[in-house]
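The lines below spell out each chain.
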Amino acid sequence: MECNTVSLINTKPDKVNLRLKKLSADDGHDIYDMLQSMPKDENGLVNKANGLSYEDFKTWLAAKQKESEQTCLVDGWKVPSTTYWLYADTFPVGFGNLRHFLTEALSNAGGHIGYGIAPQYRGKGYGKELLRLLLIEAKKIGLEKVLITIHSDNIASQKVALANGGVITKKTEERVYIWIESSSTRC
Ligand SMILES: CC(C)(COP(=O)(O)OP(=O)(O)OC[C@H]1O[C@@H](n2cnc3c(N)ncnc32)[C@H](O)[C@@H]1OP(=O)(O)O)[C@@H](O)C(=O)NCCC(=O)NCCS
């Protein structure tokens, strides 16, 4: 681990420059390394890059970039989505997926936005900031309201959504459904 990474782990988000960077086929080792540190599937957040070789990761990136440029269903079923990396200064610390529209399946599980922070950076406020920045991107693509579906036992994620103006509209045994008006997000 680099020295700067260690100091970042101990730094609160208000002390660093946080920004989103759209996934690109040109992304490299910093993103690859971060994705290897994040589980393949955690609370429904899927990280398909975990376990890939670097070469396969580059192929995956290119496919993801292409997918985000689609305007209708990909392969007849997949809603196009854009992935954003959260950078704290020069280090990637998490990522978010923004789905461009909902299907019936996504209305039930998945919603518009999924997000994750690399385990070593959790509990410092990065999750809340990541969602705030993703809501700004949602507004830019015309989504006035976004749905986030969260496992009932995922308290950290529910706190992230509620801190960003989320309103719980439904609860089932499995999931909590939270809607957020993107226009209420502070820039
Ligand atoms: C959910 C997640 C993004 C939160 O990121 P984070 O950077 O730790 O979040 P924050 O530091 O902004 O903390 C948000 C709140 O959750 C609380 N929190 C953090 N980890 C927690 C935990 N394990 N249990 C309970 N609360 C927790 C924080 O104390 C904070 O609460 P507060 O508002 O009372 O201060 C992160 O835990 C993660 O990546 N989880 C795995 C993937 C995932 O579950 N994604 C969401 C799918 S819907």
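Here's a quick rundown of the structure. (Residues numbered from 1 in each chain as written. Predicted model: local features only at pLDDT ≥ 70, side-chain atom pairs only at ≥ 80, totals over all residues.)

**Brief notes about the sheet that holds strand 8 (residues 167–171)**
Argument step 1. Across the sheet, 3 strands lie side by side as 7-9-8; this open sheet has antiparallel pairing. For this open sheet the edge positions go to strand 7 (145–151) and strand 8, each flanked by a neighbour on one side alone. Pairs of neighbouring strands in the sheet enclose a mean axial angle of 25 degrees, with direction left out of account.
Argument step 2. Examined bridge by bridge, strand 7 and strand 9 (residues 175–181) share 7 bridges and lie antiparallel to one another. Following the sheet pairing, Thr 149 is matched in strand 9 by Tyr 177.
Argument step 3. Packing of helix 6 (residues 155–163) onto the sheet brings it into contact with strand 7 and strand 9, and relative to strand 7 it is tilted by some 160 degrees. (Pairing = 2+ DSSP bridges. Helix = DSSP H or I, 4+ residues; strand = E, 2+ residues; numbered from the N terminus. Axes fitted to C-alpha atoms, helices over the stretch in contact; angles between N-to-C directions. Contact = placed C-beta atoms within 7 Å.)

**With respect to the environment of Ser 68**
Argument step 1. Mapped onto the elements of the fold, Ser 68 is located in helix 3 (residues 54–68).
Argument step 2. Separated by 32 residues in the primary sequence, Ser 68 and His 100 have C-alpha atoms spaced 8.6 Å apart.
Argument step 3. Setting aside anything within four residues of it in sequence, one finds Ser 68 in contact with Leu 23, Pro 80, Ser 81 and Thr 82.

**Observations concerning the pairing of strand 6 (residues 113–117)**
Argument step 1. Most of strand 6 sits out of view: 5 of its 5 residues are buried.
Argument step 2. Side chains Ile 113, Tyr 115 and Ile 117 project from strand 6 onto one buried face, and the interleaved Gly 114 and Gly 116 project onto a second face that is buried too.
Argument step 3. Where strand 5 (residues 91–99) lies against strand 6, 5 bridges are found, and the strand directions are antiparallel. Within strand 6, the position partnered with Gly 96 by the bridge is Tyr 115. (Buried ≥ 20, exposed ≤ 12 C-beta atoms within 10 Å, placed from the backbone.)

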